[in-house]
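Here are the chains, one letter per residue:
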Amino acid sequence: MKKQTTNQFKPLSKEETKKLTTVVDETIAAGLGKAKTFSAADLWNIQRRSRTITNRRSFV
């Protein structure tokens, strides 16, 4: 069995490499509302709903 590999990508030039590796400053989106905090009650509710879904699947 042959163990040859073919590179399907063309080599990158120095300019392309520089474009890909430059650091971009982060910007904050303006005009968005305040984010809701995730509480223990939210986690409990998600777990409770997933249990009922799995129970329903076993009865079908």
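As the structure is a computational prediction, the values presented were derived from the model and not from experiment.

About the thresholds
Residues numbered from 1 in each chain as written. Predicted model: local features only at pLDDT ≥ 70, side-chain atom pairs only at ≥ 80, totals over all residues. Heavy atoms only, no water. Helix = DSSP H or I, 4+ residues; strand = E, 2+ residues; numbered from the N terminus. Buried < 20%, exposed > 50% of the residue type's maximum accessible area, 1.4 Å probe, protein only. Areas by Shrake-Rupley, 256 points an atom, 1.4 Å probe, with all protein chains shown as cover. Salt bridge = Lys/Arg side-chain N within 4 Å of Asp/Glu carboxyl O. Patch = residues over 30% accessible without salt bridge, like charges linked within 9 Å, V, L, I, M, F, W, Y side chains within 5 Å.

A. The overall build of the chain, seen in detail. Helix and strand counts for the chain come out as 2 helices and 0 strands. By the burial criterion, 0% of the 60 residues in the chain qualify as buried. When the accessible surface of the chain is split by element, carbon and sulfur atoms take 58% of a total near 7000 Å².

B. Main features of the pattern of salt bridges. Counted by the stated rule, this structure contains 1 salt bridge. For Lys36, the salt bridge is made with Asp42, and the minimal N-O distance between the two is 2.9 Å. Owing to a relative accessible area of 67%, Lys36 belongs among the exposed residues under this scheme. The partly exposed category is assigned to Asp42, whose relative accessible area is 21%.

C. The arrangement of a nonpolar patch on the surface in detail. A surface patch of nonpolar side chains, amounting to about 300 Å² of accessible area, comprises Phe38, Leu43 and Ile46. Along the chain, the position of Phe38 falls in the loop between helix H1 (14-21) and helix H2 (40-59). For Phe38, a relative accessible area of 57% gives the class exposed.

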